[in-house]
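Structural characterization, general
The lines below spell out each chain.
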Amino acid sequence: MNLQAPKGTFDWLPPRSERALAVRETLTAPVRRAGYGYIETPVFEDTTLFVRGVGESTDIVSKEMYTFEDKGGRSITLRPEGTAPVVRAVLQHSLHTGRLPVKLWYSGSQFRYERAQKGRYRHFWQVGAEALGAEDPALDAELILLAVDGYTGLGLTGVRLLLNTLGDRECRPVYRSALQEFLRGLDLDEPTRQRIEINPLRVLDDKRPEVRAQLTGAPLIVDHLCEACKAYHEEVRSLLTASGVAFVDDPRLVRGLDYYTRTTFEFVHDGLGSQSAVGGGGRYDGLSEMLGGPALPSVGWALGVDRMILAMESEGLLGDDVGTGVQVYGVPLGEEARRRMFLLVTELRRAGLTADMSFGGKGVKGAMKSADRSGAGYAVILGDRDLAAGTAQVKDLAGGDQTAVPLAEIVMTLKERLDK
Ligand code: AMP
């Protein structure tokens, strides 16, 4: 049997792969315009980083990590998310001792051993942005706005922004106790009961109807916020409103990572079925300290590129017509012509045109078929008679016209025709 890509993974092939590249570019253009710098961290890290940073009780750490021992006996984990590595890198290189906030963006593979289904993969791509070292509602609002600009740049209109706050170390513990008390009185299975003790906020996120039905009267964080958190959240909301960003207050929005405080948000798209989150993020004021660093209040997000593309497809934004073809296709007939065409194609590429040629010693029919399939606007056909005359035939593949052009003028002629 032929080898297959591992379960939960897939290959990006042209032309879809080209779209994926373009989507990453578009999603990150707004943060680049806003002064965020590019950071690239290793695809794997010491396991401790995620255990401490993401949180032992989270699904990611308890069930989904690709962890292995390397040949030196170290426990290594393929990164399941980008924020903890970014904070680790900032602390390691003391970026936080300079001008604050430190603004960074990244783009890369993430790995989670999840139940694979449409929109949920074991290897997926995120772009992310983080602003570290400032506690300022304008920074939360800026990041949300930049994400909105990113997916708006893709043409998406069906993304909704859900917004919540999780409080801080003042008010969250009080809320947590109130919630635990409420949850302990419900009819729940044993694993959920255990979750109440470890991470009660996650129970609010339970998708099972029989659990949801019991959660209607659950205490909500909005009713337990301290004055500082209330004022902070109001300012984020009012900046978003003033910027024309529509959002829905979702007092039950919690996220799958432990490090969030205050502002949390998620971007959802309704065309995706159950895996509707196309991105999410929030403030993580305590993460640096969890990793042994100083207090470094920070905020960030990650957007799922795979799901953004599915969302675009569901909105009909990716037609079949986005070709990856070249502009010019060379059809050499005979050995000498092949050698000359090789040089001509190189010349065309260096002149800034995209060009390909027929390889593998195809006859004229096969080579012309390849030319048609290449998506090129023009074929350059070179036979023995042309060579003797010092010309080549330039054929307009759409219109069918064919003219003899001196070899020395081919590049100029094609540039003129294609630049129109
Ligand atoms: P998270 O890091 O869990 O906050 O996820 C941020 C975004 O990454 C989500 O909103 C999804 O768009 C995307 N994402 C997370 N997990 C997966 C996955 N297993 N497969 C595809 N995309 C994912």
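All values derive from a computational prediction rather than experimental measurement.

Procedures and definitions
- Each chain has its residues counted from 1, following the order in which its sequence is written.
- Per-residue local features are limited, in this predicted model, to residues with pLDDT of at least 70; the limit for side-chain atom pairs, both in listing and counting, is 80 or more; totals at the level of whole chains, interfaces and linings are taken over all residues.
- Only hydrogens and water are set aside when side-chain values are computed; all heavy atoms of the structure are taken into account.
- We count a stretch as a helix when DSSP gives it H or I for four or more residues in a row; a strand needs E for two or more, and each element gets its number in order from the N terminus.
- Radius of gyration means the value over C-alpha atoms here, while the globule rule gives 2.2 Å times the residue count to the 0.38 power.
- Only protein chains enter the accessibility calculation, which uses a 1.4 Å probe. A residue is then buried if its area is under 20% of the maximum for its type, exposed if over 50%, and partly exposed in between.
- Two residues qualify as a contact provided that any one of their heavy atoms is within 4.5 Å of a heavy atom in the partner residue.
- If DSSP finds at least two bridges between two strands, the strands pair.
- Every angle, taken between N-to-C directions, lies between 0 and 180 degrees, and every axis is a line fitted to C-alpha atoms, over only the stretch in contact when it is a helix.
- It is the rotation of the near helix from the far one that decides the hand of a crossing: anticlockwise by less than a right angle makes it left-handed, clockwise makes it right-handed.
- Charged means Asp, Glu, Lys or Arg here, nonpolar means Ala, Val, Leu, Ile, Met, Phe, Trp, Tyr, Cys or Pro, and polar covers whatever is left, Gly included.
- The criterion is simple. A nonpolar core is a set of buried Ala, Val, Leu, Ile, Met, Phe, Trp, Tyr and Cys residues joined through side-chain atoms within 4.5 Å.
- An automatic or database domain assignment provides the domain bounds reported here.

With that settled, the discussion passes to the overall build of the protein. Tallying secondary structure elements over the protein gives 16 helices and 16 strands in all. Against the 2.2 N^0.38 benchmark of 22 Å for 420 residues, the protein shows a C-alpha radius of gyration of 28 Å, more extended than a compact globule. If you line up the protein on its principal axes, its C-alpha atoms span 90 × 55 × 45 Å. Sorting the 420 residues of the protein into buried and exposed places 50% on the buried side. When contacts within the protein are restricted to residue pairs at least 6 apart in sequence, long-range pairs at least 24 apart make up 69% of them.

With that settled, consider the pairing of strand S5 (residues 102–111). With 9 of its 10 residues buried, S5 lies for the most part within the structure. Alignment of S5 against strand S6 (residues 123–132), held across 10 bridges, turns out to be antiparallel. Bridging across to S6, tyrosine 106 finds its partner in glycine 128.

Bringing the packing of helix H1 (residues 16–33) against helix H5 (residues 137–153) into the picture now. For the pair H1 and H5, interaxial distance at closest approach is 8 Å and the crossing angle is 145 degrees. The way H1 lies across H5 gives a crossing that is right-handed. Taken together, the residues of H5 that come into contact with H1 (itself represented by Thr26, Leu27, Pro30 and Val31) are Leu146, Asp149, Gly150, Tyr151 and Gly153. Along the lines of polarity and charge, the residues of the contact of H1 with H5 split into 5 nonpolar, 3 polar and 1 charged.

Turning next to the pairing of strand S7 (residues 159–165). S7 sits mainly inside the fold: 6 of its 7 residues count as buried. Pairing between S7 and strand S9 (residues 261–269): 7 bridges, direction antiparallel. Counted as the bridge partner of leucine 161 is phenylalanine 267 from S9. As paired strands, S7 and strand S8 (residues 248–249) are joined by 2 bridges and run parallel to one another. Bridge pairing in S8 links leucine 162 to valine 248.

Across soluble globular proteins, you tend to see nonpolar side chains buried next to one another. Counting residues in each nonpolar core, the largest one holds 44 residues, and the members touching the most others are Leu27, Tyr36, Leu240, Phe267, Trp301 and Met308. Breaking this core down by element, the ones donating at least two residues are H1, S6, H5, S7, helix H10 (227–242), S9, strand S11 (298–304) and helix H12 (305–314). Sort the elements by how many residues they give to this core and H5 lands first, with 8 residues. In this structure leucine 240 touches Ala141, Ile144, Leu161, Leu163, Val245 and Phe247, once residues within four positions along its chain are discounted. With 43 residues, the next largest nonpolar core counts Val102, Ile196, Tyr260 and Tyr284 among its residues.

Sheet architecture is open: 3 strands sit in the order S2-S4-S3, paired in antiparallel fashion. Unpaired on one side and paired on the other, strand S2 (44–46) and strand S3 (67–69) mark the two borders of the sheet. Between one strand axis and the next, the sheet turns through 35 degrees on average, direction left out of account. Where S3 and strand S4 (residues 75–78) come together, 3 bridges link them in antiparallel fashion. Following the sheet pairing, threonine 67 is matched in S4 by threonine 77.

On to the sheet that holds S6. Each strand in a sheet pairs with its neighbour through backbone hydrogen bonds, running either in the same direction (parallel) or in the opposite one (antiparallel). Strand order in the open sheet formed by 8 strands is S1-S5-S6-S11-S10-S9-S7-S8, with mixed pairing between adjacent strands. A single partner strand is all that each edge strand has here, and the edge strands are strand S1 (37–38) and S8. Sitting on the sheet, H12 is in contact with S6, S9, strand S10 (277–283) and S11, with an inclination near 55 degrees to S11.

Further remarks concern the domain arrangement of the protein. Partitioning the protein into structural domains gives domain 1 (16–171 + 225–314) and domain 2 (328–419). Distance from the C-alpha centre of domain 1 to the C-alpha centre of domain 2: 48 Å.

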